[in-house]
Amino acid sequence: MPNKLGVYICTGCGIGEALDASKLAKVAVSEYKAPVCRTHAALCGAEGCGLVRQDMTQAGVTTAVVAACSPRFKAEAFNFNHGSVVERVNLREHVAWCHKPKDESTQMLGEDYLRMGIARALKTEPVQVLAEVISRAVLVIGGGITGITAALEAAAAGYDVILVEKEEHLGGRALLSRRQAQQMEERVETALYHPRIRTFCSSQVLKIQGQPGMFDVTLQTASGEQTVRAGAIVVATGWKPYDASRLAHLGYGISPDVVTNVELERMAGDGPILRPSTKQPVASVLFIQCAGSRDKDHLPYCSSACCMGTLQQIGYLRQQDPEAPVYVIYKDMRTPGQYERVYRQVQDHPMNFFTKGDVTSVKVWQDGRMAVTIDHTLLGESITVCVDLVVLATGMVPNGAEQILNLAYRQGPELPVLQDGFPDSHFVCFPYETRRTGIYAAGAVRAPMDEAHAREDAMGAALKAIQSVELATRGQAVHPRGGDTSYPSFFLQRCTQCKRCTEECPFGALDEDVKGTPKPNLYRCRRCGICLGACPERIISFKNYSVDMIASMIKAIDVPEDDEEQLRILALVCENDAYPALDIAGLKRRQYDPIVRVIPLRCLGSLNIVWIADALSRGIDGVILVGCKYGDDYQCHFTKGSELASRRLDNVKETLQRLQLEPERLQLTQLAINEWDKLPALFDGFAQRIKELGPNPYKGF
Ligand code: SF4
Ligand code: SF4
């Protein structure tokens, strides 16, 4: 069907007062020969949308450009469910609300945005949605408290579950715990007899290949190898205690009467707590909190469950001896929320003594008891306490990095992890997502947590796994572009096997053949466009996002060649943080220089450096890129995007120097969405510097 363009200009919400709509219409009709062009006082209302729909159904409009509010608003109103391309142009938040009304520069800005929107729309093609046969089964790896909870939740929601446990029995650590064992036995029973849960004990994952909706998982079971198909995976492999042999400075190893909290739990499960060296009931105990935690030489993080664990273990001791003195030496007692009530209750007992302090030595005293010396106590004194038993509250180490998944992925067999061994994820926005699509981490393998939080985490991960298979069934992406049906296609005839795309894809979506040609697994793809930015041959594109499309938008900007005062700046901004931040600036009516033209990118990592070359060779005077924060506490929704853009930019800066263009004409800034109020000043500051540099000498070439 031939392309028929319809352009719809809204004059509501102050747009009509700021811009001359007839001049905008002239751009559409004269420059782009739009056969249909309408203005309306409230395009988002029933009448306005009705006009657009009518043009699609009766006048054959196949490409509709709606110049009105930000595309982040009124999505439902402008979803015509028709199969036509709909492109939104942000005249409200990015023009009318943040620039002087009825001003020549504001009008030029509005007209440029309309040109860019039409250029983009004309390059957009309808997407053919992926439609493979999808498995809805959820594979849960780990049969402890988290894994069993995830399995039961997914099964209760009507999904088949394959539960894999490496030990002979389900239950995990909870079976060794005095306070959890009974409840866990009941849950194990429920899981074992649940008609939707297939359990494999004494089993391990040998290999996972495929993609969400189509994972083929080879298991080594007690009766040999077996392959099962799953749609999504929950990794609930739990934790192991920190290696206490590294805590000799806290007395571990010098006497059997120095034990860890995990060992004490086992001792308590076996009956009364006895002093290991004498086998007599303990008459006094000292707990050392944060033993090897929050310590740069050991675990740098807080394991979050040990403070509450100690309070519960004091309860065991109290049951067997109400008078035994118990000492707790802490850096901070961390008992958030309702746990604080437990802390107060335990504190109130006259024989429980809590003090902040630094343990400086743990020795065996003359009478065989343990002597613990503590500095910097709350009293400001150094004290020595003699006790029957010292308990080290050691922390959690995730069971995640080593040979759990055995993914047959080009980018490695396990989940990418952060420096502490927890899976890399976007902690703020998408905590369960890992960097392998369709694979969700839950419980203590994801972050240190206690049993109550692990159960909640398991429910969250089970829901994410269900969401993943349901989205896959509809050919849609998961977070953060949930619902997106577009996907990259590769024109492989021109691939030079440089491997940049397969190396830079943050989600391991691309495998390779022996020569290094990418083999896309589209259901693993998060649609970030980072591969598109990486490819030097520019052969990766989406139907609605491509190098050519952004280049056409840049080309559509009207660059006045005969007016040295009229400079132009291109702002390539991340659509996840910077673009909404600009919308907020508009909502707050914050003004900034109207020489800036904004183009949103799926991720700054999708930046193809050819766009910068295109912009500068077109006479654009400066290019500013605004992306998410990167580094250890990154905010990038695609984990590495803005960092990759920054690396690519280093190469461009050298090119600029060769062209004798000032490197200051190019700037990358990291910005979080809550820093929206800095954006107007950022744009103004950059515009000022560009004005000082003067016009781009390549203007008009
Ligand atoms: S769009 Fe993103 S997730 Fe998909 S293949 Fe490219 S780099 Fe990987
Ligand atoms: S980046 Fe482009 S040229 Fe390089 S391997 Fe990937 S598709 Fe081929």
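Refer to the structure above for everything that follows.
Only a predicted model underlies this, so the values are computations on that prediction, with no experimental measurement involved.

**Student:** Run through the packing of aromatic side chains, naming residues and quoting values.
**Tutor:** All chains considered together, the criterion is met by seven aromatic pairs. Each ring, one from Y343 and one from F354, has its centre 5.3 Å from the other, and the planes form 65°; the classification is edge-to-face. Taken together, the positions of Y343 in helix α10 (residues 339-348) and F354 in strand β16 (residues 352-356) put the pair eleven residues apart, joining distant regions of the chain. Just above the ring of F542 sits the side chain of R602; from NZ or CZ to the centre is 4.3 Å.

**Student:** Account for the side chain of S646, with residues named and values stated.
**Tutor:** Summarising the element assignment, S646 is placed in helix α17 (residues 641-658). The buried category is assigned to S646, whose relative accessible area is 18%. Setting aside residues up to four positions removed in sequence, S646 forms contacts with Y630 and L668.

**Student:** Could you give an account of the sheet that holds strand β5 (residues 138-141), naming the residues involved and the relevant values?
**Tutor:** Across the sheet, which stays open at both edges, the five strands sit in the order β7-β6-β5-β11-β22 with parallel pairing between neighbours. Each having just a single partner strand, β7 (197-200) and β22 (439-441) make up the two edges of the open sheet. Looking at each pair of strands side by side, their axes are set apart by 20° on average, direction ignored. Summarising the sheet, strand β11 (residues 232-235) and β22 pair through three bridges and their orientation is parallel. For V235, the partnering residue across the bridge sits in β22 and is A441. Strands β5, β6 (161-164), β7 and β11 of the sheet are contacted by helix α6 (residues 145-156), whose axis makes an angle of about 170° with β6.

**Student:** Give a detailed account of the layout of surface pockets, specifying residues and quantitative values.
**Tutor:** Looking at the largest pocket, its volume works out to about 1600 Å³. Around the largest pocket, the lining comprises 42 residues; the ones closest to its centre are P71, V86, E87, R88 and N544. The set of elements that each furnish at least two residues to the lining of the largest pocket consists of β4 (85-90), α5 (104-123) and β28 (596-601). The greatest single-element share of the lining of the largest pocket, amounting to six residues, is contributed by β4. Classifying every residue of the lining of the largest pocket by side-chain character gives 18 nonpolar, 15 polar and nine charged.

**Student:** So what's going on with the nonpolar core? Residues and values would help.
**Tutor:** With 102 residues, the main nonpolar core has L91, W611 and F683 as its most contacted residues. Take this core: its biggest share by element is seven residues, from α5. Residue contacts for F683: discarding those within four places in its chain leaves A571, L582, Y592, V596, V598, I624 and V626. Grouped together as the second largest cluster of nonpolar side chains are 34 residues, I145, Y159, V161 and I466 included.

**Student:** I'd love a proper account of the environment of P506, names of residues and values included.
**Tutor:** Note that P506 resides in the loop between α12 (500-504) and β24 (510-512). By relative accessible area, P506 is classed as buried at 1%. Taking the C-alpha atoms as reference points, P506 and R435, separated by 71 residues in sequence, lie 6.7 Å from one another. In contact with P506, other than residues within four places in its own chain, are R435, R436, C528, I530, F638 and T639.

**Student:** So what's going on with helix α9 (residues 306-320)? Residues and values would help.
**Tutor:** The end-to-end C-alpha distance of α9, which contains 15 residues, comes to 21 Å, matching closely the 21 Å that a straight helix rising 1.5 Å per residue would cover. Where burial is concerned, most of α9 is hidden: eleven out of the 15 residues are buried. Close packing links the buried residues of α9 with α8 (261-269), β14 (285-291), β15 (326-330), α10, β16 and β20 (389-394).

**Student:** Residue-level account of the site of ligand 2, with values.
**Tutor:** Lining the immediate surroundings of ligand 2 are C495, T496, Q497, C498, K499, C501, P518, C535, P536, E537, I539 and I540. Partitioning the shell around ligand 2 into residue classes produces eight nonpolar, two polar and two charged.

**Student:** Describe the site of ligand 1, listing the residues and the values that go with them.
**Tutor:** Ligand 1 sits among C505, F507, A509, L510, C525, R526, R527, C528, G529, I530, C531 and F542. With respect to the detected pockets, ligand 1 is housed in the largest cavity. Of the residues contributing to the shell around ligand 1, the split by class is nine nonpolar, one polar and two charged.

Thresholds applied
Residues numbered from 1 in each chain as written. Chains lettered and ligands numbered in written order. Predicted model: local features only at pLDDT ≥ 70, side-chain atom pairs only at ≥ 80, totals over all residues. Heavy atoms only, no water. Phe/Tyr/Trp six-rings, centres within 6.5 Å; stacked < 30°, edge-to-face > 60°. Helix = DSSP H or I, 4+ residues; strand = E, 2+ residues; numbered from the N terminus. Lys NZ or Arg CZ within 6 Å of the ring centre and 35° of its normal. Buried < 20%, exposed > 50% of the residue type's maximum accessible area, 1.4 Å probe, protein only. Contact = heavy atoms within 4.5 Å. Pairing = 2+ DSSP bridges. Axes fitted to C-alpha atoms, helices over the stretch in contact; angles between N-to-C directions. 1 Å grid on protein atoms, 1.4 Å probe; cavity = no way out; pocket = protein on both sides within 12 Å on 5 of 7 lines; lining within 4 Å. Points joined across faces, edges and corners; volume = space filled by probe spheres on them. Nonpolar A, V, L, I, M, F, W, Y, C, P; charged D, E, K, R; others polar. Core = buried A, V, L, I, M, F, W, Y, C linked by side-chain atoms within 4.5 Å. Expected span 1.5 Å × (residues − 1). Near = heavy atom within 4 Å. Sits in = over half its atoms within 2 Å of the grid points.

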